[in-house]
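Below, each chain spelled out in residue letters.
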Amino acid sequence: MSAPSLAQLGSAVAEVMGAHPFELLALNEAVASQRTDADVAFISREVTGTSTKHEIHPALQQVYDLLRQSPGLKWVHIHSAGADRQIYQDLMTQGVQISTSSGANAQVVATVALAGLLALARKFPMLWAEQQARQWIPLMGQRMPRDLPGQTATIVGWGPIGQKLGSLLQALGLKVVAVRQKIDPSAQLPDGVEQVSFEGLPSALPRTDWLILACPLTTKTRQLVNARVLAALPAGAHLINVARGEVVDQDALVLALQSGHLGGAFLDVFAHEPLPFDSPLWSMPQVMVTPHAAGHSDGNEARVSQMFLDNLRCWHQGQALRNTVG
């Protein structure tokens, strides 16, 4: 684990391990000495830092190389909810268990997605631009915002984020459609929430005012939102993406926004991160861009660390790990 995690969690790890012999090793020391004898690794937020999965900083690449070269590595716990970085796919191929911190930032991401929806619904990007130009233009006539009650939000992905967001949107009077991997008739969804499968998504699109992506990146969800899906939405519908950029055909998204068919978008994730300087998304007045920051909050570190410790207890006792991938 990282040196800061070692300092913060060392005593808690010792309590979990009890009399069982163990050694704690800081990742920077492991890289410096090329220690490839680790059994377990904890990849906390400060380890990945500002690297993205598309642009990996040299220090992080050294950590990844060390993990790949560790023949006895059995388990890696990661700070993110998704495990779509190539390193984790490679390690799983080598038989390493990967567990995620799914749910740790669910409340944070859900509220950020809600903030994006409210900002677009109330035309804040347009009003912000008019503020910068010192223009006083009342929201009347064609500029009049629509009431949110009665509108339909289709949430793709009904995990911890989707469920929390669904409850928030219902409280505001929106109808909620949950798009799930599998339809479970026995599942107890909140009253009024309609569930459809991924295959059934097309049936929900014509009545969707807000298409919200909160799903993991899988073979099924990659490029799920393409030109055909966007065209099936009603004119003026909005897209919110707090999932992964690759869930959306970004070229098709740009065209739908430029044509005016799509009313606007709140985008926290992109096909390539950082979003290239020359992307037209930066300057579109109906688009809000944030730097993959929807899950960042000062309470996440403690929640992620506790998930790691809970899983370490399971691992030490020979029990199944929680939030494993695959």
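Per chain, the residues get numbers from 1 upward, laid out in the order the sequence is written. Whole-chain, interface and lining totals are the exception, using all residues; otherwise, since this is a predicted model, local features are given only for residues with pLDDT of at least 70 and side-chain atom pairs are given and counted only at 80 or more. Derived side-chain values reflect all non-hydrogen atoms in the structure, with water molecules and hydrogen atoms excluded from consideration.

Colleague: What's the story with the packing of helix α1 (residues 3-17) against helix α12 (residues 300-316) in this structure? I'm lost.
Modeller: The packing of two helices is summarised by the inter-axis angle and the distance between the axes. Contact geometry of α1 with α12 gives a least axis separation of 10 Å together with a crossing angle of 25 degrees. In terms of orientation, α1 lies roughly parallel with respect to α12. Where α1 crosses over α12, the handedness of that crossing is right-handed. Here Q8, L9, A12, V13, V16 and M17 of α1 lie close against α12, whose contacting residues are E301, S305, F308, L309, L312, R313 and H316. Here the residues of the contact of α1 with α12 are counted per class, giving eight nonpolar, three polar and two charged. To get an axis, a line is fitted to the C-alpha atoms, and for a helix only the part in contact is used. The angle between two axes follows their N-to-C directions and goes from 0 to 180 degrees. Secondary structure elements are defined from DSSP: runs of H or I of at least 4 residues count as helices, runs of E of at least 2 residues count as strands, and each element is numbered from the N terminus. The scheme is simple: roughly parallel for angles under 35 degrees, roughly antiparallel for over 145, roughly perpendicular for 65 to 115, oblique for anything else. Crossing handedness: left-handed means the near helix sits turned counterclockwise from the far one by under a right angle, and right-handed means the same turn made clockwise. Contacts are assigned to residue pairs with any non-hydrogen atoms lying within 4.5 Å of each other. By the convention adopted, Pro, Cys, Tyr, Trp, Phe, Met, Ile, Leu, Val and Ala count as nonpolar, Lys, Arg, Asp and Glu as charged, and the other residues, Gly among them, as polar.

Colleague: Mind showing me how you'd approach the pairing of strand β2 (residues 75-78) here?
Modeller: We call a residue buried when its accessible area falls under 20% of the maximum for its residue type, exposed when it is over 50%, and partly exposed in between, using a 1.4 Å probe and counting protein chains only. On β2, burial covers both faces: W75 and H77 on one face and V76 and I78 on the other are all buried. Note: β2 against strand β3 (residues 97-99), three bridges, orientation parallel. In the strand pairing of β3, W75 is matched with Q97. Viewed along the sheet, the connection from β2 through helix α5 (residues 86-93) into β3 turns out right-handed. Pairing between strands requires that DSSP locate at least two bridges from one strand to the other. If you view a crossover with the strands going away from you and the path from the first strand over the helix to the second runs clockwise, you call it right-handed.

Colleague: Hey, could you run me through the packing of helix α4 (residues 58-68) against α5 in this one?
Modeller: Here α4 crosses α5 at 5 degrees, and the two axes come no closer than 10 Å. When the axes of α4 and α5 are compared, the pair comes out roughly parallel. Contacts between α4 and α5 involve Y64, L67 and R68 from the first element and Q86, I87, Y88, D90 and L91 from the second. Class assignment of the residues belonging to the contact of α4 with α5 gives a composition of five nonpolar, one polar and two charged.

Colleague: How do you make sense of the pattern of salt bridges when you look at a structure like this?
Modeller: Side chains that carry opposite charge are capable of pairing whenever their charged atoms lie near each other. The rule for a salt bridge is simple: a side-chain nitrogen of Lys or Arg has to be within 4 Å of a carboxyl oxygen of Asp or Glu. Counted according to the given criterion, the structure contains 13 salt bridges. For K53, the salt bridge is made with D84, and the minimal N-O distance between the two is 2.3 Å. On the criterion of sequence distance, the pair formed by K53 in the loop between α3 (45-48) and α4 and D84 in the loop between β2 and α5 is long-range, its members being 31 residues apart. Overall, D84 belongs to the buried group, its relative accessible area being 18%. Of the charged contacts in the structure, one is a salt bridge between E246 and K53, with a shortest N-O distance of 3.0 Å. Highlighted residues: E246 in the loop between β8 (237-241) and α11 (250-259) and K53 in the loop between α3 and α4, separated in sequence by 193 residues. Judged by relative accessible area, which is 12%, E246 ranks as buried. Linked by salt bridges that have partners in common, K53, D84, R244 and E246 make up one network.

Don't take any of this as a statement about function, it's just geometry.
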